[in-house]
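# A look at the structure
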Amino acid sequence: MNHDVQPALDALRHARAEATGTLRDLIRIPSVGGTAAESEIVHHVAGLLRAEGVEIDLWPIPVAELSARPDFPGMEVGRDEAWGLVARLPGVDPEAPALMFNGHLDVVPPGDPATWSVDPWSGEIRDGHAYGRGACDMKGGFVAALSAFLALHRTGTRPRGDLLLAAVVGEEDGGLGTYATLARGWRAGACVITEPTAQDVLAANGGALTFRLRVPGLAAHACARTSGVSAVEKFQLIFPVLRALEASRNRTVDPMMRRWDIAYPLEVGTVRSGDWASTVPDLLIAEGRFGVALDEPVAEARAAFESTVAEACAADPWLKEHPVTVEWWGGQFASGRCPSGTDLVQRVVSTHARVHGGPAPEVVGAPYGSDLRLLTAAGIPAVQYGPGVGYGHCPDERVSLDQVHACAETLLHLAVNDS
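Notes on the structure follow. Source: prediction; values computed, not measured. Along each chain, numbering runs from 1 in the same order as the chain's sequence is written. For a predicted model such as this one, the threshold for reporting local features is a pLDDT of at least 70, and the threshold for listing and counting side-chain atom pairs is 80 or more; totals across whole chains, interfaces and linings nevertheless cover every residue. Each side-chain value is worked out from all heavy atoms of the structure, with water and hydrogens disregarded.

## Examining the overall build of the chain
What counts here: Strands here mean DSSP runs of E at least two residues long; helices mean DSSP runs of H or I at least four residues long; both are numbered from the N terminus. Our radius of gyration looks at C-alpha atoms and nothing else; its globule reference is 2.2 Å times the residue count to the power 0.38. Between buried and exposed lies partly exposed: a residue is buried under 20% and exposed over 50% of the maximum accessible area for its type, with that area taken using a 1.4 Å probe on protein chains only. Note on contacts: a residue pair qualifies if any of its non-hydrogen atoms lie within 4.5 Å across the two residues. What sets the accessible areas is the Shrake-Rupley method with a 1.4 Å probe; for residues, cover comes only from the shown protein chains.
The secondary structure content of the chain amounts to 12 helices and 16 strands. Since a compact globule built from 419 residues should have a radius of gyration of about 22 Å, the 23 Å found for the chain is in line with a globular shape. On the principal axes, the C-alpha backbone points of the chain span a range of 80 × 45 × 40 Å. Taken over 419 residues, the chain has a buried fraction of 55%. By sequence separation, contacts in the chain at least 24 residues apart represent 83% of the contacts at least 6 residues apart. When the accessible surface of the chain is totalled, it reaches about 17200 Å², and 53% of it is carbon and sulfur.

Written out as structure tokens, the structure is:
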């Protein structure tokens, strides 16, 4: 063990109860994307850092300006304001590359509270887990990074290069916060995103493109329905074709993605049709997400989807004359991969294995989009490594406190290059 890290490690372990309390406080802020609480939680974290005397950059994100850029990653909820926050712990060598910890503070809505066994915003502690929306995805991971950062700061333990902590928003619906952080000029030699991975190392992400289909019909009184064309019936011709497209795109996948039953999922999440119970519906709107393969350009993925829909329309007399339209909106997550020329993956794997013992973490890809692709596209090698897995976006979301604390120890060692 590097003796320089021991005081910080002792401080980290001494502050475990504090970290649990911080996690509960963050869960209790209902920071759903696009709500006032999404900004509130950024200011809350900024206040914690200021109270410690940490150097921070807190700024209002120019949402309108950034969202007008051609490479903007998309947004599915409206925002009047959003905030960026980066904390910096200066390194010993100003020429050494910085290491960034990145975590998003926005969460998805909790759904029906009746499906939960606890209040979704309670932060209740039960059986060694913190419960609540965002506990797993990804306030637990953010607290792990924050705890490691503060332990180093409090003990005066300086890493070789700067250590950055980026608290971002808008990840769930496109990546506004990380995009804005990069636009602000923040850069690092490497980045660990503390998304939930059960402390495996995710070195790649498939992409996910949000789409909207408009399926036309012809309205008529339901008593004479054969004189109209039901948009619902026409959608029934499209949906099986989409399922077939998904199957064909998953027959052969990158070895990094073989862990998953479906590496590049395609799903229709919402369907809306009709405006009167006794009228043949003249329009159906279906929205969903379309998986992008590793290294597949977004333009090619869109073209494959659009041509599939067009072929299905061409096979039906009505849809041939009144084709389904495809709109790309909301989050547009390209795929991303940590570049092969970096030692970041091995550094995280070896640090975890040495600190905790046992089997080394697996190195895998994930079937969902994340901010990883924004960072790698900006030339910053990035991986995901964090506590919790499998409970995001669902009732009784929770994260293991043991994993939160274990992740914090790995990050602390990584930050001081003790690998």
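Structure shown, so let's carry the discussion forward.
## Focus: the packing of helix α5 (residues 135-155) against helix α12 (residues 401-415)
Going by this rule: Angles shown run from 0 to 180 degrees and are taken between the N-to-C directions of axes, each axis being a line fitted to C-alpha atoms and, for helices, limited to the stretch in contact. Angles are sorted into four bins: roughly parallel if under 35 degrees, roughly antiparallel if over 145, roughly perpendicular if 65 to 115, and oblique for all others. Left-handed is the label given to a crossing in which the near helix is rotated counterclockwise from the far helix by less than a right angle, and right-handed is the label when the rotation is clockwise. Residues are grouped as follows: Ala, Val, Leu, Ile, Met, Phe, Trp, Tyr, Cys and Pro are nonpolar; Asp, Glu, Lys and Arg are charged; all remaining types, including Gly, are polar.
Close contact between α5 and α12 brings their axes to 8 Å; oriented N to C, the two are set at 45°. On the basis of the axis angle, α5 is oblique to α12. The element α5 and its partner α12 pack so that their crossing is right-handed. Along the contact surface, α5 presents G140, V143, A144, A145, S147, A148, A151 and L152, while α12 presents V404, C407, A408, L411, L412 and A415. In terms of residue class, the contact of α5 with α12 is made up of 12 nonpolar, 2 polar and no charged.

## Overview of the layout of surface pockets
Note the cut-off: Buriedness of a pocket was judged along seven lines, with at least five required to meet protein on both sides within 12 Å; pockets are open sets of points on a 1 Å grid over the protein atoms alone, cavities are sets where a 1.4 Å probe fits but cannot get out, and lining residues have an atom within 4 Å of a point. Grid points are joined across faces, edges and corners, and a volume is the space filled by probe spheres set on the points.
Roughly 1300 Å³ of internal volume is contained in the largest pocket. Lining the largest pocket are 45 residues, and of these E172, R289, Y368, G369 and H393 sit closest to its centre. Classifying every residue of the lining of the largest pocket gives 19 nonpolar, 12 polar and 14 charged. Put simply, the second largest pocket is a space of about 410 Å³. In this structure, the second largest pocket is lined by 19 residues; those nearest its centre are D71, F72, P73, Y179 and L374. Where the lining of the second largest pocket is concerned, the elements lending two or more residues are α6 (176-184), α8 (298-314), β12 (325-333) and α11 (372-377).

## What to know about the nonpolar core
Convention followed: Put simply, a nonpolar core is a bunch of buried Ala, Val, Leu, Ile, Met, Phe, Trp, Tyr and Cys residues held in one set by side-chain atoms that sit within 4.5 Å of each other.
Membership of the largest hydrophobic core comes to 86 residues, with the highest contact counts inside it found for L49, I61, F101, F149, V192 and L411. Counting residues per element, this core draws most heavily on α5, which supplies 12 residues. When near neighbours in sequence (up to four residues on either side) are disregarded, F149 contacts L49, V54, A87, R88, L89, L163 and L165. Within the second largest apolar cluster, 25 residues are counted, among which are V215, V229, I238 and L242.

## Points about the pairing of strand β3 (residues 99-104)
Rules: DSSP-based pairing: two strands are paired if at least 2 bridges between them are found.
Burial runs high along β3: 6 of the 6 residues are buried. The side-chain alternation of β3 yields two buried faces, one formed by L99, F101 and G103 and the other by M100, N102 and H104. In the sheet, β3 pairs with strand β6 (residues 163-168) via 6 bridges, with the strands oriented parallel. Residue M100 lies in a different strand from β6, and its bridge partner there is L164.

## Some points on the sheet that holds strand β9 (residues 207-216)
In space, the 4 strands of this open sheet follow the order β10-β11-β9-β12, with antiparallel pairing throughout. Looking along the sheet, the strands with just one partner apiece sit at the ends: β10 (266-273) and β12. On average, each strand axis in the sheet is tilted by 20° relative to the strand beside it, whichever way the strands run. Both β9 and strand β11 (residues 283-292) contribute to a ladder of 10 bridges, which runs antiparallel. Its bridge partner lying in β11, P216 is registered against L283. With respect to the sheet, helix α7 (residues 231-249) is in contact with β9, β10 and β11, its orientation differing from that of β10 by roughly 170°. Across the sheet, α8 lies against β9, β10, β11 and β12, angled at about 150° from β12, the strand it touches most.

## Notes on the side chain of Q332
Looking at the secondary structure, you find Q332 in strand β12. With a relative accessible area of 14%, Q332 lands in the buried category. What Q332 contacts, discounting residues up to four positions off in sequence, is P73, G74, A208, L209, T210, R302 and R373.

## Description of the packing of aromatic side chains
Selection criterion: Pairing of aromatic rings covers Phe, Tyr and Trp, the last counted by its six-membered ring, and requires centre-to-centre distances within 6.5 Å; plane angles under 30 degrees mean stacked, over 60 mean edge-to-face, and any other angle means tilted. Distance and angle both matter: a charge sits over a ring if NZ of Lys or CZ of Arg is within 6 Å of the ring centre and within 35 degrees of the ring normal.
Taken as a whole, this structure holds 7 aromatic pairs when the rule is applied. On the numbers, 5.5 Å between centres and 90° between planes, the contact of F72 with Y179 is edge-to-face. Separated by 107 residues along the polypeptide, F72 in the loop between α4 (63-67) and β2 (83-89) and Y179 in helix α6 bring together distant segments of the chain. Given a relative accessible area of 8%, Y179 falls into the buried group. Seen in terms of ring centroids, F290 and F305 are 5.0 Å apart; in terms of plane orientation they differ by 55°. Their pairing is tilted. Here F305 lies in helix α8 and F290 lies in strand β11, a separation of 15 residues in the sequence. On the basis of relative accessible area, F305 is assigned to the buried category, the value being 0%. Ring pairing ties together the aromatic residues F211, F290, F305 and W328, which thus form one cluster. A cation over an aromatic ring shows up here: R126 above the ring of Y131, its NZ or CZ 4.8 Å from the ring centre. Lying across the ring of W329, R212 places its NZ or CZ 4.3 Å from the centre.

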